[in-house]
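# Inside the fold
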Amino acid sequence: MARTVLVVTALEDVTADWVVAALNERGVPVVRVDPADIGPRLAFAFRIGPGEPA
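Let us look at the structure shown here. Residue positions are counted from 1 within each chain, in the order its sequence is given. In keeping with the model being predicted, local features are shown solely for residues with a pLDDT of at least 70 and side-chain atom pairs are shown and tallied solely at 80 or more, while totals for entire chains, interfaces and linings include all residues. Computation of side-chain values covers all heavy atoms of the structure but excludes hydrogens and water.

## A word on the overall build of the protein
So the rule is basically this: Starting at the N terminus, helices and strands are each numbered in turn, a helix being any DSSP run of H or I of at least four residues and a strand any DSSP run of E of at least two. Exposed residues in this analysis have more than 50% of their type's maximum accessible area, buried residues have under 20%, and partly exposed residues fall in between, with area computed by a 1.4 Å probe over protein chains only. We call two residues contacting when some pair of their heavy atoms lies within 4.5 Å. Residue exposure ignores everything except the shown protein chains as possible cover, and the areas themselves are Shrake-Rupley values with a 1.4 Å probe.
For the protein, the helix and strand inventory stands at one helix and two strands. Listed N to C, the secondary structure of the protein is β-α-β in terms of helices and strands. Scored against the burial criterion, the 54 residues of the protein give a buried share of 13%. Looking at the protein alone, contacts between residues at least 24 apart form 47% of all its contacts between residues at least 6 apart. If you sum the accessible surface of the protein, you get close to 4,600 Å²; carbon and sulfur atoms cover 61% of it.

## A look at a nonpolar patch on the surface
Cut-off, in case you're wondering: In this scheme, patches are assembled from residues that exceed 30% relative accessible area and form no salt bridge. Like charges are connected within 9 Å, while nonpolar side chains (Val, Leu, Ile, Met, Phe, Trp, Tyr) are connected within 5 Å. Salt bridge, as used here, is a side-chain nitrogen of Lys or Arg placed within 4 Å of a carboxyl oxygen of Asp or Glu.
A surface patch of nonpolar side chains, amounting to about 590 Å² of accessible area, comprises Leu6, Val8, Val31, Phe44, Phe46 and Ile48. Mapping Ile48 onto the fold places it in the segment after strand E2 (30–33).

## Some points on the environment of Leu6
Following the sequence through the fold, Leu6 ends up in strand E1 (residues 5–8). The contact partners of Leu6, leaving out residues within four places of it in the chain, are Val31, Val33 and Phe44.

Following this line, the structure appears as structure tokens:
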């Protein structure tokens with residue numbers, strides 16, 4: 001099963017662009033999130049390892 005990489009960075013971060021491009025070239029699923037886009041009513045959860053999302 002392919003693992004998705006979460007990239008949390010500003011939209012203007014050129015170095016993150018390079019990382020995302022390299023992951024795309026390798027066929028790694030990527031989700032990029034800019035913390036500035038997360039408004040007061042928007043939330044997301046994640047899980048590292050087994051168990052419930054944290």
